[in-house]
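Inside the fold
One-letter residues, chain by chain:
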Amino acid sequence: MAASEENSSLFLIFILTMIALPLVPYTLVRLYRAATQKKKTIHCRCSECSCSGKYRKSIYKRISNFSTYTNLTILLLWVIMVILVYYIKHISREVQPFEPYNILGLEPGASESDIKKSYRRLSILYHPDKNPDPEAHKYFVEFISKAYQALTDPVSRENYEKYGHPDGRQGLKMGIALPQFLLNIDGASGGVLLLGIVGVCILLPLMIAVIYLSRSSKYTGNYVMHHTLSTYYYFMKPSLAPSKVMDVFIKAAEYMEMPVRRSDDEPLQKLFVAVRSELNLDLKNIRTEQAKFWKQHPSLVKMELLVQAHLTREPITLSPPLQRDYKHMLELAPRLLEELMKIALLPRNPHGHGWLRPAIGVVELSQNIIQAVPLSAKKATAGNSEGVAPLLQLPHITEATKVRTLQELRDMKVEERAELLTQTGGLSAAEAQDVELVLEMIPTLTLDVTCETEGEEGGIQEGDVVTMYAWVSLKRGNGLTAALPHTPYFPFNKEENFWVLLADPVSNGVWLSQKLSFMDETAAITAASKAIQETKEALGASAKEIGVAVREAAEKVKSGCRLVMGKFQAPAEGSYNLTAYCLCDAWIGCDTKTGYKLKVAKRSRAGTRGVHAAAEEGAAAAAAAEDGNEEEEEEEEEEYDDDYESEYSDDEEDDQKKKKGGSKAAAANGSSRGHQNGAAASGSEDEGEGDDE
């Protein structure tokens, strides 16, 4: 009995140790982070955002914030540890070592007469003839009698005094940290042990592997379906207009899998009437256009109407199932738009460039969805090239409110702005204060771009690996760097993300792209310091110079700047008028761009001429193969679906007109452009071959 209890206590101690080793340090780390975290309000404090309920710290929300899976798991493990400690302590009290002197209440080395006196005294208390209690009888037989026998027998007493046991020297005892029922292999315990081994060692890992493989085969790392990426890739075109990005966005597999119920027909009909002006229907053939719209896939119709209802802020009461679909659509939108942006920036042409026009369209659609502003609001008006969209993201301002452009509003003094909003705009003092709070949240971006080659003399030459350094600076009126945007109509928390692009607007090519966030200052300092250190070491700078440059970079990051680095291969000889963009996916009207003129000299370093010419032939072959692939894609589009036949016809006609105009220009200017493109492709192939070698 004692041995089994000892094995059980060893098993519990083993389990307690395995839980405590990772749990204690992890809990201390989380408590330290929670204690040192800066309590700073980074979300909008206007009345509209307060009424949205996203940032309201109610008791329920506080409990919800605490009751995350991680916190609940930690709490559960600590409860288990407390129970284990209590149970182990209880078992240790029951399993006491055999000490005859203590049992008889004597000091070690007591005389035989004292032993007999103590035995007679305890017999009066615990002997069965004197005490009918069964527990007293058990204690007398198992402890008092054995202790008296061990101390009155000369051999047993000598063994105990020498070796600590009446039977003499004891061998080494080994315990197994398993409960006793697992050690009894016979009978039902053997079946339990077998089932436990099979379940834990075979079935559980197999189940985890099956779940992981089934999920990974369907979703990407960003929890977007693979089928969605293939659909986006198929419908992405280099001349995709911003107005057509919506048509590609709603074709996501996640949206197509949403159920279309019969109960949704009436609310969707009401939505169609409310947002019909935003659907780009031909008013001359309105009946034909309406019939064509409703002939689309029901999921496409539903998603487009829900998105347009969100953009136009239509106060239409939706049924509970349709309301759930509406919120789920908005919850998935940021992830899907990010993947759509990556598809637009994928290297497609022989130069390895992405497409600028659809990338800008994706960012604009993201801005409109986050701020709930209709796409038609971005159309240019008299005296305003950006339309009224930047103003509609401000609280209490509608298209009927008579105010100036957003930039003019931001450049005004506070007193002048308050007077304009209250007198001309018709807002109250409290509403004007809300506008002031949001204007302080809108970021002002500046972009500083340089391009250089490391360790090469003679400037940038064709085929060189060029490194772009872009410092992006963000300033706000309230002094914050990391902040959540003003999004009262978007029901989920959304962080600001920025896309830095180095592109050639003439060729519609994106040479470099990178996503940027201002939320994590520590990670930005680490990344900038590491990049500056590697650059200075490559240039052969001293340790002191490297230290100074790293400290300057860290201070720059703390002041609200972020460093974006990227590498690309220099194209053929010539001057390129590039443009660097910094696009925000949450705010309308805060994007910035700056021009950069890149001069590429002719290759003058030895040992590159022959390879360059050979690569030109390869680039020409690659261009011919790409033309063939485009023809095959056009044939596949015609066979894919009759509903999508004329979807991008306007864009394709524009491309054909541009190609005709481009061919005339090429005939007038000669074939220098074609030579440059071939040289650029040759440089990329040279680099790839060099890496393989």
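Along each chain, residues carry numbers from 1 onward, in the same order as the chain's sequence is written. Whole-chain, interface and lining totals are the exception, using all residues; otherwise, since this is a predicted model, local features are given only for residues with pLDDT of at least 70 and side-chain atom pairs are given and counted only at 80 or more. Here the side-chain values reflect all heavy atoms present in the structure, with hydrogen atoms and water set aside.

Focus on the overall build of the chain
How we decide: Helix and strand definitions here come from DSSP, where helices need a minimum of 4 consecutive H or I residues and strands a minimum of 2 consecutive E residues; each element is numbered from the N-terminal end. Relative accessibility thresholds used throughout: buried, under 20% of the residue-type maximum; exposed, over 50%; partly exposed, between the two (1.4 Å probe, protein chains only). For the accessible areas, the method is Shrake-Rupley and the probe is 1.4 Å, while residue cover comes only from the protein chains on display.
What the chain contains, in helices and strands, is 27 helices and eight strands. Split into buried and exposed, the 693 residues of the chain put 39% on the buried side. Working note: accessible area of the chain is about 39,900 Å², and carbon and sulfur atoms make up 55% of it.

Things to note about the sheet that holds strand β3 (residues 465-475)
To summarise the sheet geometry, strands pair through backbone hydrogen bonds and adopt either a parallel or an antiparallel arrangement. Heads up, the condition is: Strand pairing is assigned whenever DSSP detects at least two bridges linking the two strands. What counts as an axis is a line fitted to C-alpha atoms, over the stretch in contact for a helix, and the angles between N-to-C directions run from 0 to 180 degrees.
The three strands lie next to each other as β2-β3-β6, forming an open sheet whose pairing is antiparallel. On the outer flanks of this sheet lie β2 (444-452) and β6 (561-569), each paired with one strand and no other. Across the sheet, the mean angle from the axis of one strand to that of its neighbour is 20 degrees, orientation sign disregarded. One ladder, built from nine bridges, connects β3 with β6; its direction is antiparallel. Across the sheet, the residue bridging to tryptophan 471 is leucine 563, located in β6.

Here we look at the nonpolar core
Quick reminder of the rule: Working definition of a nonpolar core: buried Ala, Val, Leu, Ile, Met, Phe, Trp, Tyr and Cys residues. They are joined through side-chain atoms within 4.5 Å. For each domain, the first and last residues come from an automatic or database assignment.
Judged by nonpolar contacts, the single largest core of 111 residues is most densely connected at Phe249, Tyr255, Leu394 and Leu598. Examining the composition of this core, we find that 12 residues originate from one element, helix α17 (residues 320-344), more than from any other. The residues that make up this core include at least three from each of domain 1 (1-92) and domain 4 (225-346). Counting residues in hydrophobic clusters, the runner-up holds 13 residues, among them Tyr469, Ile532, Ala553 and Cys561.

Let's talk about the packing of aromatic side chains
What counts here: Here a Phe, Tyr or Trp ring, Trp counted by its six-membered ring, pairs with any other such ring whose centre lies within 6.5 Å, and the pair is stacked when the planes are under 30 degrees apart, edge-to-face when over 60, and tilted otherwise. The criterion for a charge sitting over a ring is simple: Lys NZ or Arg CZ within 6 Å of the ring centre, and within 35 degrees of the ring normal.
Counted by the stated rule, this structure contains 12 aromatic pairs. The interplanar angle of 85 degrees and the centroid separation of 5.6 Å between the aromatic rings of phenylalanine 249 and tyrosine 255 together place this pair among those described as edge-to-face. The pair phenylalanine 249 / tyrosine 255 is uniform in exposure class, with both members buried. Seen from the ring of tyrosine 234, lysine 237 lies directly overhead, with NZ or CZ sitting 5.9 Å from the centre. For the cation-ring pair, lysine 251 lies above phenylalanine 235, with the distance from its terminal atom to the ring centre recorded as 5.0 Å.

Let's talk about the pairing of β3
Each regular strand carries side chains that alternate between the two faces of the sheet. Of all 11 residues in β3, nine are buried; the element is thus mostly enclosed. Where β2 and β3 come together, nine bridges link them in antiparallel fashion. Its bridge partner being in β3, glutamate 452 is matched across the sheet by threonine 467.

A closer look at the confidence of the model for the chain
Convention followed: Per residue, pLDDT captures the predictor's confidence, and it can take any value from 0 to 100. The contact criterion used throughout is that any non-hydrogen atoms of two residues lie within 4.5 Å.
Looking at the chain as a whole, the pLDDT averages 78, with 76% of positions reaching at least 70. Residue range residues 607-626 is modelled with pLDDT below 50. Its contacts to residues more than four positions away, or to other chains, number 25 contacts.

Comments concerning the pattern of salt bridges
The test is simple: By convention in these notes, a salt bridge is any Lys or Arg side-chain nitrogen within 4 Å of a carboxyl oxygen on Asp or Glu.
The tally for this structure, following the rule as stated, stands at 13 salt bridges. Linking aspartate 325 and lysine 302 is a salt bridge whose minimum nitrogen-to-oxygen distance equals 2.5 Å. Linking aspartate 325 in helix α17 with lysine 302 in helix α16 (residues 298-312), this pair joins segments that are 23 residues apart in sequence. A relative accessible area of 8% means that aspartate 325 is categorised as buried. The exposure class of lysine 302 is buried, given its relative accessible area of 1%. In this structure, aspartate 464 engages arginine 603 in a salt bridge whose closest nitrogen and oxygen atoms are separated by 3.1 Å. Pair noted here: aspartate 464 is in the loop between β2 and β3 and arginine 603 is in the loop between β8 (592-600) and α25 (609-640), with a separation of 139 residues, a long-range link. The class of aspartate 464 is buried, set by a relative accessible area of 5%. Within this structure, Arg261, Asp264, Lys302 and Asp325 form a network of salt bridges that share partners.

Some thoughts on a nonpolar patch on the surface
Heads up, the rule is: Patch definition: residues above 30% relative accessible area lacking any salt bridge, with like charges linked at up to 9 Å and the nonpolar side chains Val, Leu, Ile, Met, Phe, Trp and Tyr linked at up to 5 Å.
Where nonpolar side chains cluster on the molecular surface, the patch consists of Val24, Leu28, Leu31 and Trp78 and spans about 370 Å² of accessible area. Element by element, the count of residues in the nonpolar patch is highest for helix α1 (residues 2-36), at three residues. Looking at the secondary structure, you find leucine 31 in helix α1.

Section: the packing of helix α12 (residues 242-249) against α16
Where we set the bar: Here the angle decides the label: under 35 degrees means roughly parallel, over 145 means roughly antiparallel, 65 to 115 means roughly perpendicular, and every other value means oblique. Note on convention: the crossing is left-handed when the near helix lies turned anticlockwise from the far helix by less than a right angle, right-handed when the turn is clockwise.
Look at α12 against α16: their axes get within 10 Å of each other, and the N-to-C directions meet at 130 degrees. On the basis of the axis angle, α12 is oblique to α16. Between α12 and α16 lies a crossing whose hand is right-handed. Counted together, Met246, Asp247 and Phe249 of α12 and Glu304, Val307, Gln308 and Leu311 of α16 form the full contact between these two elements.

Some points on the sheet that holds β8
Judged by pairing direction, the sheet is antiparallel, and its five strands sit side by side in the order β1-β5-β4-β7-β8 without closing on themselves. Single-partner strands in this sheet number two, and they are β1 (354-355) and β8. In this sheet, strand β5 (residues 509-516) lies alongside β1 in antiparallel orientation, the contact comprising two bridges. Across the sheet, glycine 354 pairs through a bridge with valine 510, a residue of β5. Running over the sheet, α17 touches β1, β4 (498-504) and β5 and is turned about 20 degrees from β4. Across the sheet, helix α18 (residues 356-371) touches β1, β4, β5 and β7 (574-584), and the angle it forms with β7 is around 15 degrees.

A word on helix α7 (residues 134-152)
Formally: To estimate the expected span of a helix, subtract one from its residue number and multiply by 1.5 Å. Bend, at a single residue, is the angle you get between axes fitted to the 7 residues ending at that residue and the 7 residues starting at it.
For α7, spanning 19 residues, the distance from its first C-alpha to its last is 26 Å, which sits close to the expected 27 Å at 1.5 Å a residue. Of all the bends found along α7, the most pronounced is centred on phenylalanine 140 and spans about 40 degrees. Within α7 the residues assigned to the buried category are Ala136, Phe140, Ile144, Ala147, Ala150 and Leu151.

Some thoughts on the state of the cysteines
Convention followed: The rule for a disulfide is simple: a pair of cysteine sulfur atoms within 2.5 Å.
All told, the structure shown has zero disulfides when counted by the stated rule. No disulfide involves cysteine 46; its nearest neighbouring cysteine sulfur is the one of cysteine 44, lying 3.4 Å away. The thiol of cysteine 590 is not disulfide-bonded; the next cysteine sulfur, from cysteine 584, is found 4.2 Å away. Classification of cysteine 590 as buried rests on a relative accessible area of 5%.

Things to note about unusual backbone geometry
The bulk of non-glycine residues show a negative phi, and the bulk of peptide bonds are trans. Positive phi, close to 55 degrees, is recorded for asparagine 280, a residue that is not glycine. Within the fold, asparagine 280 resides in the loop between α14 (265-275) and α15 (286-294). We classify asparagine 280 as exposed; its relative accessible area is 57%. In this structure, alanine 372 is a non-glycine residue whose phi angle is positive, near 55 degrees. Within the secondary structure, alanine 372 sits in the loop between α18 and α19 (389-392). We classify alanine 372 as buried; its relative accessible area is 0%.

Observations regarding the side chain of arginine 417
With respect to the element layout, arginine 417 can be found in helix α21 (residues 414-424). Residues within four places of arginine 417 in sequence aside, it is in contact with Leu409, Arg410, Met412, Glu436 and Leu439.

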